[in-house]
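# Architecture at a glance
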Amino acid sequence: MSRFHLIAPSGYCINQQAASLGIQRLEQAGHQVENTAVVGRRYQRFAGTEAERLADITELVNLTMPGTIVMPVRGGYGASRLLAHIDWQALAARQQQDPLLICGHSDFTAIQCGLLALGKVITFSGPMLAGNFGAPELDRFTEDHFWRALRNAVYSVAWRSEGPACHTEGTLWGGNLAMLISLIGTPWMPKIENGILVLEDINEHPFRVERMLLQLFDAGILNRQNAIVLGSFSGSAPNEYDAGYDLNAVYAFLRERLAIPLITGLDFGHEQRTVTLPLGAHAVLRNDANGAQLTLSGHPVLKS
């Protein structure tokens, strides 16, 4: 069984019951869950003061148990406040031997990008404690893909996709679209060339999704990649004013301008059903009439 170390670098967990259920589920499955005190911590809208939340990240350097899974309680906002104060090099050095398996998404994307940009540290974009493991019903697809990612040195995810046929490879990177946009022009934005950029978001109207994607396009970031893979954009329903403009219209608009393939339909993001992806790992992407497949390798895994 595994050891989970909880952190809370972002927003206060308003759904304390969900976090408790997540801990209960993990413990009932035989896992050890530590640092649970961070679940109830609060300062304003955040999961503690700046010093407390920064300490969650700083203290990872001193975790000695190999194969520990580090997981945020939830996302929200708050990680951006910490970026200038994190000792990235110390964390990178820590990860060079017996690396921690760091998994999260949403606001946590900012810290994941910083680790990749400044330390070439691979982390996992995947489930978190309250929203996923503490959901009313634990999604078996999500649970299965989480453990597959953390236990297998090479593994694949496949889905029914839309987009042009392609066969390419490169470094997998990305995560939450809004967080990635917030890092443009900062030291924490990864400078990945010829990569495979995977993106998702929540509660963003289609025009805001388009605007953010256009910012990546106009900054030259999209066309420096080998492919773009889009996951779920929960809560992005258009309204009457849109008159037929929706996410599919956004994708069609972008495909007219991009010199690289844009592949959609991946179960990845804020939905209950989501894959787990190692950001910074090597990825091989195939897309054809039978669907798409990402084959991933080079990431840290749990030792048997």
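Fair warning: this is a prediction, and the values are worked out from it, not measured in the lab.

All right, on to the environment of Phe-217 then. Position of Phe-217 among the secondary structure elements: in helix 8 (residues 206–218). Considering only alpha carbons, one finds Phe-217 and Leu-258, 41 residues apart in sequence, at a separation of 8.2 Å.

Those places that UniProt annotates as "domain: LD-carboxypeptidase N-terminal" (unreviewed entry) correspond, in this numbering, to residues 6–126. Secondary structure within residues 6–126 divides into 34% helix and 13% strand; the distance between the first and last C-alpha atoms comes to 14 Å.

Next up on the list: the pattern of salt bridges. Here the idea is simple: oppositely charged side chains can pair when their charged atoms come close. Counting across every chain of the model gives 11 salt bridges. Between Arg-273 and Asp-267 there is a salt bridge; the shortest N-O distance is 3.0 Å. Under the relative-accessibility criterion, Arg-273 is labelled partly exposed at 40%. Connected through shared salt-bridge partners, Glu-50, Arg-53 and Arg-81 make up one network.

Below, the discussion takes up empty space enclosed by the protein. Using the criterion set out here, one finds one cavity of 30 Å³ or more in the structure. By volume, the largest cavity is sized at about 30 Å³. Ile-57, Leu-60, Leu-91, Ile-102, Phe-108, Ile-111 and Leu-115 are the residues that line the largest cavity. Of the residues that constitute the lining of the largest cavity, the class distribution is seven nonpolar, no polar and no charged.

We now examine the pairing of strand 6 (residues 154–159). A one-sided burial pattern is seen for strand 6, the buried positions being Tyr-155, Val-157 and Trp-159 and the unburied ones Val-154, Ser-156 and Ala-158. Judged from the six bridges that link them, strand 6 and strand 13 (residues 291–297) form a sheet pairing that is antiparallel. Pairing of Ser-156 across the sheet is with Thr-295, part of strand 13.

Quick look at helix 3 (residues 88–95) now. Where helix 3 is concerned, the buried positions are Trp-88, Leu-91, Ala-92, Arg-94 and Gln-95. Buried residues along helix 3 cover an arc of 160° about the axis, so they all sit on one side. On its buried face, helix 3 is in contact with helix 2 (50–58), strand 4 (101–104) and helix 4 (109–119).

A few words on the sheet that holds strand 6. The strand order 6-13-12-7-8-9-10 describes an open sheet built from seven strands, whose pairing is mixed. Looking along the sheet, the strands with just one partner apiece sit at the ends: strand 6 and strand 10 (262–263).

Here the focus is the UniProt feature "domain: LD-carboxypeptidase C-terminal" (unreviewed entry) in the protein chain. Here, the residues flagged by UniProt with the feature "domain: LD-carboxypeptidase C-terminal" (unreviewed entry) are residues 169–284. For residues 169–284, the helix share is 27%, the strand share is 27%, and the end-to-end C-alpha distance is 4 Å.

Bringing the packing of aromatic side chains into the picture now. Aromatic ring pairs are described here by two measures, namely the spacing of the ring centres and the angle between the planes. Across all of its chains, the model carries six aromatic pairs by this definition. Between the aromatic rings of Phe-4 and Phe-133, the centroid separation amounts to 6.4 Å while the plane-to-plane angle is 70°, which identifies the pairing as edge-to-face. Of this pair, Phe-4 sits in strand 1 (residues 3–7) while Phe-133 sits in helix 5 (residues 129–133), placing them 129 residues apart in sequence. Given a relative accessible area of 0%, Phe-4 falls into the buried group. Taken together, a centroid distance of 6.4 Å and an interplanar angle of 25° make the contact between Phe-4 and Phe-146 stacked. Note that Phe-4 is positioned in strand 1 and Phe-146 in helix 6 (residues 140–151), a separation of 142 residues in sequence. Neither residue differs from the other here; Phe-4 and Phe-146 are each classed as buried. Among the aromatic residues, those joined into a cluster by ring pairs are Phe-4, Phe-133, Phe-146 and Trp-147. When the ring centre of Phe-253 is taken as origin, the NZ or CZ atom of Arg-257, which lies over that ring, is 3.5 Å away. Looking at Arg-273, its charged tip hangs above the ring of Phe-141, at a distance of 3.7 Å from the centre.

What counts and what doesn't
Residues numbered from 1 in each chain as written. Predicted model: local features only at pLDDT ≥ 70, side-chain atom pairs only at ≥ 80, totals over all residues. Heavy atoms only, no water. Helix = DSSP H or I, 4+ residues; strand = E, 2+ residues; numbered from the N terminus. UniProt positions renumbered as here; feature names shortened; annotations may be inferred. Salt bridge = Lys/Arg side-chain N within 4 Å of Asp/Glu carboxyl O. Buried < 20%, exposed > 50% of the residue type's maximum accessible area, 1.4 Å probe, protein only. 1 Å grid on protein atoms, 1.4 Å probe; cavity = no way out; pocket = protein on both sides within 12 Å on 5 of 7 lines; lining within 4 Å. Points joined across faces, edges and corners; volume = space filled by probe spheres on them. Nonpolar A, V, L, I, M, F, W, Y, C, P; charged D, E, K, R; others polar. Pairing = 2+ DSSP bridges. Arc of directions from axis to C-beta. Contact = heavy atoms within 4.5 Å. Phe/Tyr/Trp six-rings, centres within 6.5 Å; stacked < 30°, edge-to-face > 60°. Lys NZ or Arg CZ within 6 Å of the ring centre and 35° of its normal.

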